[in-house]
Amino acid sequence: MSLVQNIVRAVTSEKTFREMEEESLRWKLTCKECGFQTSIWEQGGIRYKASSIKKAMPGRCPQCGTKQLFPVEEEESRQPLS
Ligand SMILES: [Zn+2]
């Protein structure tokens, strides 16, 4: 985990922290160069009950190494299996 994630974990309950993880994992960053997809969580960030939508996040692609402003998109919610 990143430093930010460790700090947040220290000051929140286990349940809240899990909710943060789940929500952050739904927000995807896609590399404009190679198409590699990762999540805000995997990049060491946290997104939780945000009031405004952040459209881009600066970072480096783990696959091709390109520094860029990643477009941030929420993953479409999957249909629950019934
Ligand atoms: Zn890339």
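The present account deals with the structure reproduced in this document. Being a predicted model, the structure only gives us computed values, none of them experimental.

**Points about the sheet that holds strand E2 (residues 37-39)**
(1) Moving on: Ordered by their spatial adjacency, four strands build an open sheet running E2-E1-E4-E3, and the pairing between neighbours is antiparallel. With one partner strand each, in any of the chains shown, E2 and strand E3 (56-60) form the two edges of the open sheet. For this sheet, the mean inter-axis angle between neighbouring strands, taken without regard to orientation, is 40°.
(2) Moving on: Pairing geometry for strand E1 (residues 27-30) and strand E4 (residues 67-74), over three bridges, is antiparallel. Across the sheet, residue Trp 27 finds its bridge partner in E4, namely Glu 74.

**Considering the environment of Cys 34**
(1) Moving on: Structurally, the position occupied by Cys 34 is in the loop between E1 and E2.
(2) Moving on: Between the C-alpha atom of Cys 34 and that of Cys 61, which follows or precedes it by 27 residues, the distance is 8.7 Å.
(3) Moving on: The contact partners of Cys 34, leaving out residues within four places of it in the chain, are Cys 61, Gln 63 and Cys 64.

**Section: the environment of Thr 38**
(1) Moving on: Along the chain, Thr 38 turns up in strand E2.
(2) Moving on: When the C-alpha positions of Thr 38 and Cys 61 are compared, they lie 8.7 Å apart, and in sequence the two are 23 residues distant.
(3) Moving on: Once residues lying within four places of it in the same chain are set aside, the contact partners of Thr 38 are Leu 29, Gln 43 and Pro 62.

**Notes on the pairing of E1**
Each regular strand shows side chains that alternate between the opposite faces of the sheet.
(1) Moving on: A one-sided burial pattern is seen for E1, the buried positions being Trp 27 and Leu 29 and the unburied ones Lys 28 and Thr 30.
(2) Moving on: Across three bridges, the pairing between E1 and E2 is antiparallel. Paired with Thr 30 across the two strands is Gln 37, which belongs to E2.
(3) Moving on: The hairpin turn running from E1 into E2, its antiparallel successor, is six residues long, and Gly 35 in that turn takes a positive phi close to 85°.

Rules of the game
- Residues numbered from 1 in each chain as written.
- Predicted model: local features only at pLDDT ≥ 70, side-chain atom pairs only at ≥ 80, totals over all residues.
- Pairing = 2+ DSSP bridges.
- Helix = DSSP H or I, 4+ residues; strand = E, 2+ residues; numbered from the N terminus.
- Axes fitted to C-alpha atoms, helices over the stretch in contact; angles between N-to-C directions.
- Contact = placed C-beta atoms within 7 Å.
- Buried ≥ 20, exposed ≤ 12 C-beta atoms within 10 Å, placed from the backbone.

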